[in-house]
Amino acid sequence: MKPLLASLILALLTVSCPGADDALRQITLGVVAKSQGNPVFQAARVGAEDAARDLGAKYHVSIRIDWRTPNEEDAQKQSEALEQLVLSGADGIAVSCSDANTLTAAINSAVDNGVPVATFDSDAPASKRFVTYGIDDYRCGEQVMEELARQLDGKGIIAVLAGNQNAPNLQRRMQGVVETARKYPGITVRGVYYHRETPQDAAARVEQVMEANPDINGWAMIGGWALFTENALQWRPGTVKCASVDALPAQLAYVRNGQVPVLLGQQCYQWGYQCVSLLVDKILLKKDPSAVRQVSALIPVTIDNVDAYAKNWDTWLHK
Amino acid sequence: MSLRLRSLPRFQERGIIVVILVLGLLLTVFGGKVRLPLFERGPDGGRHRVFEAGPGGGRVPAFVVENKFLNAHNLAQLAKDTSFIAIMAVGASIVIISGGIDLSAGSLYALASVVGALVLRRYGPGGPGGATPAWEGVLLGACACMAVAGACGALNGALVVALRVHPFVITLGTMAILRGVAFVITAGQSVDGFPRALSALVRYQFGDGLTLFPLAVMVLVTAAGWIFLARLSPGRRVYAVGGNEQAARFSGIRIGRTKLLVYSLAGLSGGVAAFLSIGYYGAATSGDGQGYELSVIAAAVVGGASLTGGRGSALGAVLGALVIQMISSGIVILGIDQNYSQIIIGSVVIAAVVFDQCNAWLAKKRSIP
């Protein structure tokens, strides 16, 4: 009994004694992504936490990531999360905006209260955010269409899988696809199909569209939602062409089996990593980024590099 | 009978108030402290950061240390976050008391928001009516929100009465229709560019930068709901219809008219919340209010409304919304990993309802001689 009591007292003393860690400056960074259910944002979360660990060690500070993401896309909920983070003492915030207009006031209010805000993936250009990190969405749409047109040799009937119709970044990607498709006289866009951004809803939408339009022979997927499920595509490899954004682990199987010859991987791990780095630079080093708009490139993933690319995910989703 | 109906909700509210106080106490004790930036009013009436002398002789921003939960800014924020759902929950509780259900609340909120936003944009700085006095544009926007929401509510009521189909089915259908209409009229685009007077009104800052307008509207709607349900005969008829529709019919109550009124009022409450939200957030999209139908029903039920009808109150619905929002805000204040938030919210809601039921049961037992 006595040794147990002594151990307990020792443990309590160890916990309560101020150690070296207590002397570290604590920085809390709020991260608000669009939705919990979307795996790309889980990679962003890991990136943010890894950056917090790496930069904390580098600058001898304790960096805590306060992840506050709505379960489903809801700009008003994101706005609430921003306001709550400011009130709970966050030193900086990174946000991917479900609706730029709705979030602008909350971002401005945070900045006015001395909390710097960075946006990633989906920007709020009219706000006071000091930096935005992500792809050029219009160019992304162009790239998807160019890849698909190359697979189709410039001829075919295609459909666009477009996710949430309210997301401004997806609207720009969709615009990129549709306008680029016009450059190919042999290609007809049968329709742009929206859906809730869950893998099941996206896969169901692909199935419905293919049932109703069996003549479709190409899919431009401006997000990879449908391919996050195992059996989303019911066609034999090569019969229907497909180019998709994102290259998450679940999607890579479609490259390997030939159903999707090319994926355009967003650097979603870097969304979190880079935003935290930019925020730490701003807060600790008082350093602004070289440009407000930090563009990250899309990485093409094909059968040639799929295995090498897959190894990245061991790092990016190691938790 | 009427005495029992009147007294029962009061006991339930007492239970939920105890839950709120306990939650508040826990968050105050365990929430810790926060450093908030210090502001002062300048000669121009605007809020400006306060600076103090830094260690190197330079000026550094001044901060004040406050309790994370129990500070005026956080409480005002909590009230604001509660208000949109709470206002709709008042309408939802009236529907639930009548024995009905309204699953279209979130979609109705979205449609009223985008219609109101489209009208307001016409009178905004870049709109064709930009030269019109700002109050006129704001008033027209408010009328558009209310008219659309009231009409959609009335449509729900009319379909429930005319088709004699369970409101679950009718409002499930209108939930999809209204969301679809909202999308079609906006083409999925966010609508902004309202008269500045609107956000100046809704975001007006009292004292030390506290935004209390949403709280004031919530209090007014709660008072209106309480007067309707507890003091006016149409409100008493709602309890009668929900308690026993057959008996109410034999008592001469016009069931159809009561239901039409109930759904119209629920619609109007959605219109008030929608107008408030577009004023606060400064934009509206057809994706707004997703899942709000479940939040408002949960708030009403946590606040003591019985899904079998005949029981509930406006104040209970607002307090129910407050409990849910306190848990949600508490997760941020306590720094709990968000992965566990759904589990915590669900568990605390069930615990709150069980506590509330026990309280009501004990009170009932004590009142029996």
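Anything mentioned here points back to the structure above.
The sections below set out a description of the structure shown in this document. Positions within a chain are numbered from 1, following the residues in the order the chain's sequence is written. Ligands are numbered from 1 and chains lettered from A, in the order in which they are written. Where totals are concerned, whole chains, interfaces and linings use all residues; where local detail is concerned, this predicted model gives features only for residues with pLDDT of at least 70, and gives and counts side-chain atom pairs only at 80 or more. In computing side-chain values, all of the structure's heavy atoms are included and hydrogens and water are not.

1. Focus on empty space enclosed by the protein
Link 1 in the chain: Lining residues are those with an atom within 4 Å of a point, where the points come from a 1 Å grid over the protein atoms alone and group into cavities, where a 1.4 Å probe fits but cannot get out, or pockets, open sets with protein on both sides within 12 Å along at least five of seven lines. Grid points are joined across faces, edges and corners, and a volume is the space filled by probe spheres set on the points. By the definition in use, this model includes 2 cavities of 30 Å³ or more.
Link 2 in the chain: In this structure, the largest cavity occupies an estimated 110 Å³ of space.
Link 3 in the chain: What lines the largest cavity is a set of 15 residues, among which Asn38(A), Val40(A), Arg173(A), Glu197(A) and Trp225(A) lie closest to the centre.
Link 4 in the chain: By the criteria applied, helices consist of DSSP H or I runs no shorter than four residues and strands consist of E runs no shorter than two, each listed in order from the N terminus. Where the lining of the largest cavity is concerned, the elements lending two or more residues are α2 (39-59) and α6 (168-181) of chain A.
Link 5 in the chain: Each residue receives one of three labels: charged for Asp, Glu, Lys and Arg, nonpolar for Ala, Val, Leu, Ile, Met, Phe, Trp, Tyr, Cys and Pro, and polar for the others, Gly being one of them. Grouping the constituent residues of the lining of the largest cavity by class yields 5 nonpolar, 4 polar and 6 charged.
Link 6 in the chain: Lining the second largest cavity are Met88(B), Gly91(B), Ala92(B), Asp102(B), Ala105(B), Leu108(B), Ala266(B), Gly267(B), Ser269(B), Gly270(B) and Val296(B).
Link 7 in the chain: Listed by contribution, the elements that provide at least two residues to the lining of the second largest cavity are α2 (72-97), α3 (105-122) and α10 (255-281) of chain B.
Link 8 in the chain: Here the element with the most residues in the lining of the second largest cavity is α10(B); it accounts for 4 residues.
Link 9 in the chain: Each residue belonging to the lining of the second largest cavity can be placed in one class, and the counts come to 6 nonpolar, 4 polar and 1 charged.

2. Description of the layout of surface pockets
Link 1 in the chain: Estimated volume of the largest pocket: approximately 1,200 Å³.
Link 2 in the chain: As for the largest pocket, its lining consists of 47 residues, of which Ala105(A), Ser109(A), Arg203(B), Gln205(B) and Tyr280(B) are closest to the centre.
Link 3 in the chain: A per-element tally of the lining of the largest pocket places helix α4 (residues 100-112) of chain A first, with 8 residues.
Link 4 in the chain: When its residues are assigned to classes, the lining of the largest pocket shows 23 nonpolar, 14 polar and 10 charged.
Link 5 in the chain: Lining the second largest pocket are 34 residues, and of these Asn71(A), Lys77(A), Ser295(B), Gln342(B) and Ile345(B) sit closest to its centre.
Link 6 in the chain: Going through the elements one at a time, α3 (75-87) of chain A together with α2, α11 (292-302), α12 (314-333) and α13 (341-367) of chain B are the ones with two or more residues in the lining of the second largest pocket.

3. Digging into the sheet that holds strand β4 (residues 117-120) of chain A
Residues and elements named next belong to chain A.
Link 1 in the chain: Sheet architecture is open: 6 strands sit in the order β2-β1-β3-β4-β5-β11, paired in parallel fashion. A single partner strand is all that each edge strand has here, and the edge strands are β2 (61-67) and β11 (293-295). Pairwise comparison of adjacent strand axes, ignoring direction, gives a mean angle of 20 degrees for this sheet.
Link 2 in the chain: In this analysis, strands are considered paired if DSSP registers two or more bridges between them. In terms of strand pairing, strand β1 (residues 25-32) meets strand β3 (residues 92-95) through 4 bridges, oriented parallel. For valine 32, the partnering residue across the bridge sits in β3 and is valine 95.
Link 3 in the chain: When checking whether two residues touch, look at their non-hydrogen atoms; a contact exists if any pair is within 4.5 Å. Angles run from 0 to 180 degrees between N-to-C directions of axes, and those axes are lines fitted to C-alpha atoms, restricted for helices to the stretch in contact. With respect to the sheet, α2 is in contact with β1, β2 and β4, its orientation differing from that of β2 by roughly 165 degrees.

4. Remarks on the interface of chain A and chain B
Where interface size is quoted, it is often the accessible area lost as the parts come together.
Link 1 in the chain: With 31 residues of chain A in contact, the opposing surface of chain B contributes 38 residues.
Link 2 in the chain: Summed over both partners, the interface of chain A with chain B comes to about 3,000 Å²; 39% of that surface belongs to carbon and sulfur atoms.
Link 3 in the chain: Accessible surface is computed with a 1.4 Å probe, and the buried area is the amount of it that two parts give up when combined, taken over both parts together. Counting the surface chain A buries against chain B, the share from its top three residues, Arg68(A), Gln76(A) and Leu87(A), is 23%.
Link 4 in the chain: Salt bridges are counted wherever a side-chain nitrogen of Lys or Arg sits within 4 Å of a carboxyl oxygen of Asp or Glu. Seen at the junction of chain A and chain B, the total is 1 salt bridge.
Link 5 in the chain: A salt bridge links Glu83(A) to Lys80(B), with the shortest nitrogen-to-oxygen separation between them at 2.8 Å.
Link 6 in the chain: Any N or O atom pair separated by 3.5 Å or less is treated as a polar contact, with the protein-specific requirement of one donor-capable and one acceptor-capable atom, and with residues adjacent in sequence counted only for side-chain atom pairs. Our count for the contact surface shared by chain A and chain B stands at 12 residue pairs in polar contact (both at pLDDT 80 or more).
Link 7 in the chain: Listing elements by their share of the side of chain A that touches chain B, those giving two or more residues are β2, α3 and α4 of chain A.
Link 8 in the chain: The biggest single contributor to the side of chain A that touches chain B is α3(A), with 8 residues.
Link 9 in the chain: Broken down by class, the residue content of the side of chain A that touches chain B amounts to 6 nonpolar, 15 polar and 10 charged.

5. Here we look at the pairing of β2(A)
All names here are of chain A.
Link 1 in the chain: Think of it in three bands: residues with accessible area under 20% of the maximum for their type are buried, residues over 50% are exposed, and the middle band is partly exposed, with areas taken using a 1.4 Å probe on protein chains only. When you tally the buried positions in β2, you get 5 out of 7 residues, the bulk of the element.
Link 2 in the chain: Where β1 lies against β2, 7 bridges are found, and the strand directions are parallel. Looking across to β2, one finds that arginine 25 is bridged to valine 61.
Link 3 in the chain: Look down the strands so they point away from you; if going from the first strand over the helix to the second traces a clockwise path, that crossover is right-handed. Following the chain from β1 across α2 to the adjacent parallel β2, one finds a crossover that is right-handed.

The quantities given are spatial measurements derived from coordinates; they are silent on function.
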